[in-house]
Amino acid sequence: MEIYNKKAALDLVDNDGDLLQILIDSFLNETRFEKPYLENLIKEGKMNEAASYVHATKGAARQLCMEKLKDSGQQLEDVLRRKSEGNLQELTDKMFQDYEEAVNAVK
């Protein structure tokens, strides 16, 4: 599975490279995924807030065709929303790792 599929991302914006760069800049500067913040929400039992936080990052990843991050975000969000079961710490670690890879891929 790809970290970042630039061709697919360009297809989604009708090959508008400037628009794609705006989306990437937004992802890098406005959609910060901070692991300690998420872990604190989970520790405090704020699962809906944690799920919304994950959802925002996952949505940005989907727009940019960051398949690994989109998938790990979906898995974590599903557990936070009690749609499936899984280890929250492992899923958080995986999503954060995928986030870091995605950031490095588009920098």
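One structure accompanies this document, and this report is about it. A quick note: this is a predicted structure, and the numbers were derived from the prediction, not measured. (Residues numbered from 1 in each chain as written. Predicted model: local features only at pLDDT ≥ 70, side-chain atom pairs only at ≥ 80, totals over all residues. Heavy atoms only, no water.)

Comments concerning the environment of Glu 2
And step 1. Residue placement: Glu 2 occurs in the segment before helix H1 (6-12).
And step 2. The spacing of Glu 2 and Thr 31 is 29 residues in sequence and 20 Å in space, taken between C-alpha atoms.
And step 3. Ignoring sequence-local partners within four residues, the contact set of Glu 2 consists of Glu 67 and Lys 68.
And step 4. Here Asn 5 takes part through its side chain, which lies 3.1 Å from a polar atom of the side chain of Glu 2. (Helix = DSSP H or I, 4+ residues; strand = E, 2+ residues; numbered from the N terminus. Contact = heavy atoms within 4.5 Å. Polar contact = N/O pair within 3.5 Å; in protein donor to acceptor, adjacent residues only side chain to side chain.)

Quick notes on the packing of aromatic side chains
And step 1. By the definition in use, this model includes six aromatic pairs.
And step 2. Put simply, the rings of Phe 27, Phe 33, Tyr 37, Tyr 53, Phe 96 and Tyr 99 pair up and form one aromatic cluster. (Phe/Tyr/Trp six-rings, centres within 6.5 Å; stacked < 30°, edge-to-face > 60°.)

Structural notes on the pattern of salt bridges
And step 1. Evaluated as defined, the whole model comprises ten salt bridges.
And step 2. What emerges from the salt-bridge pattern is a single network uniting Lys 68, Lys 94, Asp 98 and Glu 101. (Salt bridge = Lys/Arg side-chain N within 4 Å of Asp/Glu carboxyl O.)

A closer look at the packing of helix H4 (residues 47-63) against helix H6 (residues 88-106)
Relative orientation and spacing of two packed helices are given, respectively, by the angle between their axes and the distance between those axes.
And step 1. In the contact formed by H4 and H6, the axes pass within 12 Å of each other and the chain directions differ by 25 degrees. Classed by the angle they form, the pair H4 and H6 counts as roughly parallel. Every pair of crossing elements has a handedness; the one defined by H4 and H6 is left-handed. When H4 is examined against H6, the residues Met 47, Val 54, Thr 57 and Lys 58 are found in contact with a partner set consisting of Leu 88, Met 95 and Tyr 99. (Axes fitted to C-alpha atoms, helices over the stretch in contact; angles between N-to-C directions. Parallel < 35°, antiparallel > 145°, perpendicular 65-115°, else oblique. Left-handed = near helix turned anticlockwise from the far one by under 90°.)

Some remarks on the side chain of Glu 77
And step 1. As for its placement among the helices and strands, Glu 77 is situated in helix H5 (residues 67-80).
And step 2. With a relative accessible area of 5%, Glu 77 lands in the buried category.
And step 3. Side chain to side chain, Glu 77 and Lys 58 meet in a polar contact 2.6 Å long.
And step 4. If we ignore the near neighbours within four places in the chain, the residues touching Glu 77 are Ala 51, Val 54, His 55 and Lys 58. (Buried < 20%, exposed > 50% of the residue type's maximum accessible area, 1.4 Å probe, protein only.)

Examining the packing of H5 against H6
And step 1. Where H5 contacts H6, the two axes come as close as 9 Å, and the packing angle between them is 155 degrees. One finds that H5 runs roughly antiparallel with respect to H6. When you trace H5 past H6, the crossing you get is left-handed. Taken together, the residues of H6 that come into contact with H5 (itself represented by Lys 68, Leu 69, Ser 72, Gly 73, Gln 75, Leu 76, Val 79 and Leu 80) are Leu 88, Leu 91, Thr 92, Lys 94, Met 95, Asp 98, Tyr 99, Glu 101 and Ala 102.
And step 2. In the contact of H5 with H6, the residues fall into nine nonpolar, four polar and four charged. (Nonpolar A, V, L, I, M, F, W, Y, C, P; charged D, E, K, R; others polar.)

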